[in-house]
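# Secondary and tertiary structure notes
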Amino acid sequence: MSTIHLHQTTTATPEQFLAGLTDFGPDRSKLFGNSADRYLKVHDRGPHEADVTEGSAGVWERLHYDWSDPSRVVMTTTDSNVWGGRSGHTYTFTRKPDGTTEVDAVVVREGKNVKGYVLGALVGSVGKRVLAKALADTAKAIEARNYDVRAA
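Quick look at the structure, then. (Residues numbered from 1 in each chain as written. Predicted model: local features only at pLDDT ≥ 70, side-chain atom pairs only at ≥ 80, totals over all residues. Heavy atoms only, no water.)

### What to know about the packing of aromatic side chains
Using the criterion set out here, one finds three aromatic pairs in the structure. Residues F17 and Y91 carry aromatic rings whose centres are separated by 6.5 Å and whose planes lie at 40° to one another, so their mutual orientation is tilted. On the criterion of sequence distance, the pair formed by F17 in helix α1 (residues 14-21) and Y91 in strand β6 (residues 88-95) is long-range, its members being 74 residues apart. The class for F17 is buried, based on a relative accessible area of 0%. Judged by relative accessible area, which is 12%, Y91 ranks as buried. Following the ring pairs from residue to residue traces out a cluster consisting of F17, Y91 and F93. (Phe/Tyr/Trp six-rings, centres within 6.5 Å; stacked < 30°, edge-to-face > 60°. Helix = DSSP H or I, 4+ residues; strand = E, 2+ residues; numbered from the N terminus. Buried < 20%, exposed > 50% of the residue type's maximum accessible area, 1.4 Å probe, protein only.)

### A look at the nonpolar core
By size, the foremost hydrophobic cluster in this structure holds 29 residues, and its most contacted members are F17, Y65, V73, Y91 and F93. Residue assignment for this core shows that the elements contributing at least two residues are β1 (2-10), α1, β3 (49-56), β4 (59-66), β5 (72-80), β6, β7 (101-109) and α3 (127-145). Considering each element in turn, this core owes the most residues, five residues, to α3. (Core = buried A, V, L, I, M, F, W, Y, C linked by side-chain atoms within 4.5 Å.)

### Quick notes on helix α2 (residues 114-125)
Along its twelve residues, α2 runs 17 Å from first to last C-alpha, staying within 8% of the 16 Å computed at 1.5 Å per residue. Of the positions making up α2, those classed as buried are G116, G120 and V123. Looking straight down α2, one finds its buried side chains confined to an arc of 60°; they lie on one side. Set apart from the buried face of α2 by more than 90 degrees, the exposed residues are V114, Y117 and S125. Here the buried face of α2 lies against β1, β7 and α3. The backbone nitrogen of K115 has a side-chain oxygen 3.3 Å away, supplied by the residue at the start of α2, namely N113. (Expected span 1.5 Å × (residues − 1). Arc of directions from axis to C-beta. Contact = heavy atoms within 4.5 Å. Polar contact = N/O pair within 3.5 Å; in protein donor to acceptor, adjacent residues only side chain to side chain.)

### What about unusual backbone geometry?
Phi at A57 takes a positive value of approximately 50°, unusual for a residue other than glycine. In this structure, A57 sits in the loop between β3 and β4. By relative accessible area, A57 is classed as exposed at 73%. Look at N146: it is not a glycine, yet its phi comes out positive at around 45°. Looking at the secondary structure, you find N146 in the segment after α3. Classification of N146 as exposed rests on a relative accessible area of 52%.

### Side note on a nonpolar patch on the surface
On the surface, V114, V118, L122 and V126 cluster together to form a nonpolar patch covering roughly 360 Å² of accessible area. For L122, the position within the fold is in helix α2. (Patch = residues over 30% accessible without salt bridge, like charges linked within 9 Å, V, L, I, M, F, W, Y side chains within 5 Å. Areas by Shrake-Rupley, 256 points an atom, 1.4 Å probe, with all protein chains shown as cover. Salt bridge = Lys/Arg side-chain N within 4 Å of Asp/Glu carboxyl O.)

### A look at the side chain of H89
With respect to the secondary-structure elements, H89 resides in strand β6. Relative accessible area serves as the criterion here: at 11%, H89 is assigned to the buried category. At 3.3 Å, the side chain of H89 forms a polar contact with the side chain of E61. H89 has contacts with E61, L63, V73, V74, M75, V106, V107 and R109, leaving out every residue within four places of it along the chain.

Shown next, in the form of structure tokens:
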């Protein structure tokens, strides 16, 4: 099992970052490079949770999103072609006095088959650099979208 801790500072507010994470509309791949639009399927969505399948490059997972705490999003893998066990993602947002937001992300990858074990080992060894770049790209994309969250 691999656990990766990531950190990113963004000019987006916690509410805007949350809006980006839970934007399951078209062009999600422009926010999240590892979420190809052709894999995206929203099975159910409520005011503070969603059941979504997403993925790319032959790897998919079904995630239960929980954002009942507006400073934290927990994404638990409920099904996948490679991930099992305790796999998922947790994003925590901290508003800073200078107007920026600290985003802490924890990615857990536990393989459930040979492909998952191999990918999990890669994520644990060289994947942190790739995932850190992906988080930075996501932050920039969310900043560019400048979500209007006044009505939220």
